[in-house]
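Residue-level structural notes
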Amino acid sequence: MDGSNLWKALALLLVLEGLLPLMSPAGWRRMFEQILGLSNGQIRFFGLCSIAAGVISLLLLA
């Protein structure tokens, strides 16, 4: 993987991150209001799960 692929992956991440607020701003706002109610430990757990899913996906796709 060279540097250009990394930048392409980051650009794709930005596109995907922008879809929900573009298509459903009210739903996006509700989701963040719910996230604000979570404890730090719960947010860290979801972050860990997200990292694990990403690493597993990369291993399966490589």
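Anyway, here's the lowdown on the structure attached to this text.

Reading guide: rules and limits
- Note on numbering: residues in each chain are counted from 1, in written sequence order.
- With pLDDT at 70 or above as the cut-off, local features in this predicted model cover only qualifying residues; side-chain atom pairs require 80 or more to be listed or tallied, and sums for whole chains, interfaces and linings still use all residues.
- Side-chain numbers come from the whole structure's heavy atoms, not from hydrogens or water.
- Helix numbering and strand numbering both begin at the N terminus, where a helix is a DSSP run of H or I of at least 4 residues and a strand a DSSP run of E of at least 2.
- Both definitions apply: the radius of gyration is a C-alpha atom measure, and the globule rule equals 2.2 Å times residues to the power 0.38.
- Buried residues are those whose accessible area, probed at 1.4 Å on protein chains only, stays under 20% of the maximum for their type, while exposed residues exceed 50% and partly exposed ones sit between those limits.
- All accessible-area figures derive from a Shrake-Rupley calculation using a 1.4 Å probe, and residue coverage is judged against the displayed protein chains alone.

Before going further, it helps to spend a moment on the overall build of the protein. Check the secondary structure of the protein and you find 3 helices and 0 strands. In sequence order, the secondary structure elements of the protein are arranged as α-α-α. For 62 residues, the compact-globule estimate of 2.2 N^0.38 gives 11 Å, and the C-alpha radius of gyration of the protein, at 15 Å, exceeds that figure by more than 25%. Overall size of the protein, expressed as C-alpha extent along the three principal axes, is 40 × 30 × 20 Å. Taking all 62 residues of the protein together, the buried fraction comes to 2%. Summing over all exposed atoms, the protein offers an accessible surface of approximately 5700 Å²; the carbon and sulfur share of this is 72%.

In this structure, Glu17 sits in helix H1 (residues 3-23). Sequence spacing of Glu17 and Ala53 is 36 residues, and the spatial spacing of their C-alpha atoms is 17 Å.

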